[in-house]
Amino acid sequence: MLRGSSRKAEPMDNTTRFQRNPDYIFRNIVGEAVLVPTGKACQDFNGMATMNGTGVFLWELLEKERTLSELSQCLAEKYDLDVKQCMEDAAEFLKEAQEKHVVIQC
């Protein structure tokens, strides 16, 4: 869902709230969805992070603070999928996104 350099993610549970890191901006460059670091993030992240369609959907949801459960429910509704599978997918996205510091805990 998200590709780029990584660091260790913070632990999460169903009450932890997440939000986009405001130091990253979304761009569609030649049909590829990328997150570009700005400000302080430029010092911490070298390059850009790319996302697939599911990653873009979750990134858009994270404009507001959301829990893993909320993200999972939205994924399940949008793609008509099992909530359990969506929970695993959303957790993986959040783990990767935290490692890259594109998503932060609130």
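Residues numbered from 1 in each chain as written. Predicted model: local features only at pLDDT ≥ 70, side-chain atom pairs only at ≥ 80, totals over all residues. Heavy atoms only, no water.

Q: For this particular structure, what's the right way to read the overall build of the chain?
A: Tallying secondary structure elements over the chain gives four helices and seven strands in all. Out of the 106 residues belonging to the chain, those deemed buried represent 39%. A sequence separation of at least 24 residues applies to 63% of the contacts in the chain between residues at least 6 apart. Carbon and sulfur atoms form 49% of the exposed surface of the chain, whose accessible area is close to 6000 Å². (Helix = DSSP H or I, 4+ residues; strand = E, 2+ residues; numbered from the N terminus. Buried < 20%, exposed > 50% of the residue type's maximum accessible area, 1.4 Å probe, protein only. Contact = heavy atoms within 4.5 Å. Areas by Shrake-Rupley, 256 points an atom, 1.4 Å probe, with all protein chains shown as cover.)

Q: Got a minute to help me understand the confidence of the model for the chain in this structure?
A: The predicted coordinates ought not to be read in detail in places where the model reports low pLDDT. Mean pLDDT over the chain stands at 89; residues scoring 70 or higher make up 89%. When mean pLDDT is compared element by element in the chain, strand E6 (residues 66-67) scores highest at 98, while strand E1 (residues 2-3) scores lowest at 54. (pLDDT = per-residue confidence, 0-100.)

Q: Which parts of the structure should I look at to understand the packing of helix H3 (residues 68-79) against helix H4 (residues 83-99)?
A: For any two helices packed against each other, one specifies the crossing angle of their axes together with the interaxial distance. Running from N to C, H3 and H4 cross one another at 125 degrees; their axes reach a closest spacing of 8 Å. With respect to each other, H3 and H4 are oriented oblique. For the pair H3 and H4, the crossing hand works out as right-handed. Seen from H3, the contacting residues are Leu 68, Ser 69, Leu 71, Ser 72, Gln 73, Leu 75 and Ala 76; seen from H4, they are Val 83, Cys 86, Met 87, Asp 89, Ala 90, Ala 91 and Leu 94. Residues belonging to the contact of H3 with H4 are distributed by class as follows: 10 nonpolar, three polar and one charged. (Axes fitted to C-alpha atoms, helices over the stretch in contact; angles between N-to-C directions. Parallel < 35°, antiparallel > 145°, perpendicular 65-115°, else oblique. Left-handed = near helix turned anticlockwise from the far one by under 90°. Nonpolar A, V, L, I, M, F, W, Y, C, P; charged D, E, K, R; others polar.)

Q: I would appreciate a short explanation of the nonpolar core in the present structure.
A: Within soluble globular proteins, side chains that are nonpolar tend to cluster in buried spots. If you look at the biggest cluster of nonpolar residues, it comprises 26 residues, and the most contacted ones within it are Phe 93, Leu 94 and Val 103. Contributions of two or more residues to this core are made by strand E4 (32-37), strand E5 (49-51), helix H2 (53-61), H3 and H4. With residues near it in sequence (within four places) discarded, Val 103 still touches Phe 18, Gln 19, Arg 20, Asn 21, Trp 59, Leu 62, Phe 93, Leu 94, Ala 97 and Gln 98. (Core = buried A, V, L, I, M, F, W, Y, C linked by side-chain atoms within 4.5 Å.)

Q: What is the right way to look at the pattern of salt bridges in this model?
A: Side chains that differ in sign of charge can pair as their charged atoms come close. On inspection of all chains with the given rule, the structure shows three salt bridges. A salt bridge links Arg 17 to Glu 65; its shortest N-O distance comes to 3.5 Å. One end of the pair, Arg 17, is in strand E2 (residues 17-20); the other, Glu 65, is in the loop between H2 and E6, with 48 residues separating them in the sequence. Residue Arg 17 is classed as partly exposed on the basis of its relative accessible area, which comes to 30%. The salt bridge involving Lys 95 is made with Glu 99; its shortest N-O contact spans 3.4 Å. Taken as a pair, Lys 95 and Glu 99 lie in helix H4 at a separation of four residues, close to a single helical turn. Accessibility expressed as a relative area gives 37% for Lys 95, which makes it partly exposed. (Salt bridge = Lys/Arg side-chain N within 4 Å of Asp/Glu carboxyl O.)

Q: Whenever I open this one, a nonpolar patch on the surface confuses me. Can you help?
A: A cluster of nonpolar side chains, namely Ile 29, Val 30 and Met 48, defines an oily patch on the protein surface of about 320 Å² accessible area. Note that Ile 29 resides in strand E3 (residues 24-29). (Patch = residues over 30% accessible without salt bridge, like charges linked within 9 Å, V, L, I, M, F, W, Y side chains within 5 Å.)

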